[in-house]
Every structure is written in structure tokens, then in C-alpha cells.
Amino acid sequence: DVKVTQSSRYLVKRTGEKVFLECVQDMDHENMFWYRQDPGLGLRLIYFSYDVKMKEKGDIPEGYSVSREKKERFSLILESASTNQTSMYLCASSLGDSLGGDEQFFGPGTRLTVL
Amino acid sequence: DQQVKQNSPSLSVQEGRISILNCDYTNSMFDYFLWYKKYPAEGPTFLISISSIKDKNEDGRFTVFLNKSAKHLSLHIVPSQPGDSAVYFCAARQNTGGFKTIFGAGTRLFVKA
């Protein structure tokens with residue numbers, strides 16, 4: 001059974017702290033993604049990676065960075081957390097199937113609160 | 001600039017009737033469209049997809065229709081069941097080397113027993 005795990009379900013941090021969100025997939029997927037979900041805005045892509053050490057900016061990369069040192073792990077880093085980064089963060093992975101829809105498998109999400 | 005729009009934030013349907021969820025897009029370069037379902041406190045799960053070269057795809061109670069000229073797609077659920085109550089996200093994929101996917105804002109479906 002496919003599985004995407006995220007390091008925390010709930011996280012509370014203070015403004016200015018450096019925050020690490022970890023995501024691990026066990027499906028040997030090529031692609032990994034980080035989204036944030038906010039009411040009325042749906043899922044917005046922060047960064048994605050289609051190979052180890054490769055990354056591409058999504059629609060809202062400002063204030064975030066990512067790291068993919070191993071195929072199964074994709075980390076999202078908030079260099080200096082701010083209150084407007086309070087959100088639900090969702091990690092996903094996909095096979096990288098160019099011939100099909102390449103559906104994504106999502107983790108359960110991390111609800112981050114920045115005080 | 002929203003490339004994928006779901007204009008109805010919510011929809012209420014009686015059990016056994018048809019649910020129709022709509023989605024509009026602006027980018028002609030999208031090559032696949034997908035629907036995901038999300039329950040509270042869980043990540044979204046894939047439901048059904050359609051290639052941009054097709055106009056219909058069916059999987060059990062779920063059918064997705066694509067109208068390329070209108071840049072519009074819809075998800076039909078027949079018959080609707082209370083367990084279908086969830087938030088449904090429309091998504092569109094663009095092959096940019098990796099597979100960037102743009103999601104709509106979601107439609108919350110309530111199926112009343």
C-alpha cells in the first residue's frame with residue numbers, strides 16, 4: 001500500500017524561527033511536491049522536485065526553500081517563520097508517468113501555526 | 001490569476017440523485033485533468049482523470065466530461081451517497097519537464113440522507 005508520511009500532524013512555532021517539515025514516500029516515486037491549503041484558495045504549489053537534488057518553484061515559493069538529498073525524502077524549510085505562513089501543509093508524490101495522468105499521493109498534512 | 005477555477009464553494013444534493021461539480025480552466029497547455037476528494041483531517045485522494053484528447057472518462061459512479069472548446073470540465077456522481085460528502089478538487093497538469101499541477105479552490109459536497 002502506497003504511503004506518504006509527514007513528520008508532524010500539528011506544529012506550533014514562533015515568528016522568526018526556522019522550521020523544517022519532512023516528507024517521506026515509500027513508493028520509489030520520481031516526483032515530490034509541497035502545497036499549502038488555505039480556505040477559499042485550495043491547494044497552492046510551493047515547490048516540486050522531479051529528481052534528486054532537482055527542484056522547481058511553484059506558484060508561491062517566497063519565504064520557503066526545499067531540499068531533496070534522497071529520492072524518498074523531500075523537506076520544506078521556512079527560513080524565518082511568519083504569521084502569514086500559518087497554514088495546512090501537504091506533501092505529495094507521483095510516479096512521473098508522462099503517458100498517464102500521473103496522479104499524486106498525498107500525506108495527511110501538517111497544520112502549522114506561527115505565533 | 002487563477003488558471004483553474006471552481007466557482008461553486010459548496011453543493012448540496014439528496015442521496016440517490018446526481019451530483020455535478022464544475023471546473024473551468026484558462027491554460028490550453030494542460031494535458032491531463034484530475035479530480036481529487038478530500039475528507040477532513042486527511043490528505044486528498046485521487047478519484048478520476050481524463051486526458052485532454054478525450055471528452056469522457058467513466059469509473060463506476062464517477063464520470064468526468066471535458067469540453068475543450070469551452071475550457072470546462074465536470075464531474076458527475078450517480079447515484080450520490082452520504083459517504084461522498086467531502087471537498088472535491090479539480091486539478092490540471094502541465095508537462096514542464098516535471099509535472100506541475102494546478103488545483104482549483106475546491107467544492108464542498110454535502111449529500112443528504
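Residues numbered from 1 in each chain as written. Chains lettered and ligands numbered in written order. Predicted model: local features only at pLDDT ≥ 70, side-chain atom pairs only at ≥ 80, totals over all residues. Heavy atoms only, no water.

Q: What's the story with the interface of chain A and chain B in this structure? I'm lost.
A: For an interface, size is often stated in terms of accessible area lost upon the parts coming together. The partner chain B presents 22 residues to the 27 residues of chain A that form the contact. For the pairing of chain A and chain B, the buried interface totals around 1900 Å² over both sides, and the portion due to carbon and sulfur atoms is 57%. Area buried by chain A at its contact with chain B is led by A:Leu43, A:Gly101 and A:Phe106, which between them contribute 23% of it. Summed over the shared surface of chain A and chain B, the number is 1 salt bridge. The shortest N-O distance in the salt bridge between A:Asp59 and B:Lys100 comes to 3.1 Å. The tally of links from chain A across to chain B stands at 4 residue pairs in polar contact (both at pLDDT 80 or more). Here the element with the most residues in the side of chain A that touches chain B is strand S5 (residues 42-51) of chain A; it accounts for 5 residues. (Contact = heavy atoms within 4.5 Å. Buried area = accessible area lost by both parts, 1.4 Å probe. Salt bridge = Lys/Arg side-chain N within 4 Å of Asp/Glu carboxyl O. Polar contact = N/O pair within 3.5 Å; in protein donor to acceptor, adjacent residues only side chain to side chain. Helix = DSSP H or I, 4+ residues; strand = E, 2+ residues; numbered from the N terminus.)

Q: It is not clear to me how the pattern of salt bridges should be interpreted in this structure. Could you clarify?
A: Between side chains of opposite charge, pairing is possible as soon as their charged atoms come close. According to the stated counting rule, one finds 11 salt bridges over all chains in the structure shown. Put simply, A:Arg73 and A:Glu22 hold a salt bridge, and the shortest N to O gap is 4.0 Å. Within this pair, whereas A:Arg73 is found in strand S8 (residues 73-78), its partner A:Glu22 is found in strand S3 (residues 19-25), the two being separated by 51 residues in sequence. Overall, A:Arg73 belongs to the partly exposed group, its relative accessible area being 39%. The class of A:Glu22 is partly exposed, set by a relative accessible area of 23%. Notably, a salt bridge pairs B:Glu58 with B:Lys56, separated by 4.0 Å at the nearest N-O pair. When its relative accessible area of 51% is taken as the criterion, B:Glu58 is described as exposed. (Buried < 20%, exposed > 50% of the residue type's maximum accessible area, 1.4 Å probe, protein only.)

Q: Looking at this structure, how should I read the state of the cysteines?
A: Residues and elements named next belong to chain A. This structure, assessed with the given rule, holds 2 disulfides over all chains. In this model Cys23 forms its disulfide with Cys91; the gap between the sulfur atoms is 1.9 Å. Disulfide Cys23 to Cys91: torsion about the S-S bond roughly -75 degrees, handedness left-handed. With a gap of 68 residues between them, Cys23 in strand S3 and Cys91 in strand S9 (residues 87-94) connect regions that are remote in the sequence. The class of Cys23 is buried, set by a relative accessible area of 0%. (Disulfide = S-S within 2.5 Å.)

Q: Explain the layout of surface pockets here, please?
A: By rolling a water-sized probe across the atoms, one finds the places where empty space is left. Approximately 530 Å³ is the volume found for the largest pocket. Lining the largest pocket are 26 residues, and of these A:Gln37, A:Pro39, B:Val87, B:Phe89 and B:Arg108 sit closest to its centre. Those elements that place two or more of their residues in the lining of the largest pocket are strand S4 (31-38) and S9 of chain A together with strand S9 (86-95) and strand S11 (107-112) of chain B. When the residues that make up the lining of the largest pocket are grouped by side-chain class, the tally is 11 nonpolar, 10 polar and 5 charged. (1 Å grid on protein atoms, 1.4 Å probe; cavity = no way out; pocket = protein on both sides within 12 Å on 5 of 7 lines; lining within 4 Å. Points joined across faces, edges and corners; volume = space filled by probe spheres on them. Nonpolar A, V, L, I, M, F, W, Y, C, P; charged D, E, K, R; others polar.)

Q: Could you clarify how one ought to interpret the nonpolar core in this entry?
A: If you look at soluble globular proteins, the nonpolar side chains tend to sit buried side by side. Judged by nonpolar contacts, the single largest core of 24 residues is most densely connected at B:Phe33, B:Trp35, B:Leu73, B:Leu75 and B:Tyr88. Of all elements in the fold, only strand S3 (19-25), strand S4 (32-38), strand S5 (45-51), strand S7 (62-67), strand S8 (72-77), S9 and S11 of chain B reach the threshold of two or more residues within this core. Per element, the largest residue contribution to this core is 4 residues, and it comes from S9(B). Counting 21 residues, the second-largest nonpolar core is a separate cluster that includes A:Val4, A:Tyr47, A:Leu76 and A:Ala81. (Core = buried A, V, L, I, M, F, W, Y, C linked by side-chain atoms within 4.5 Å.)

This is a description of form; function is not addressed.
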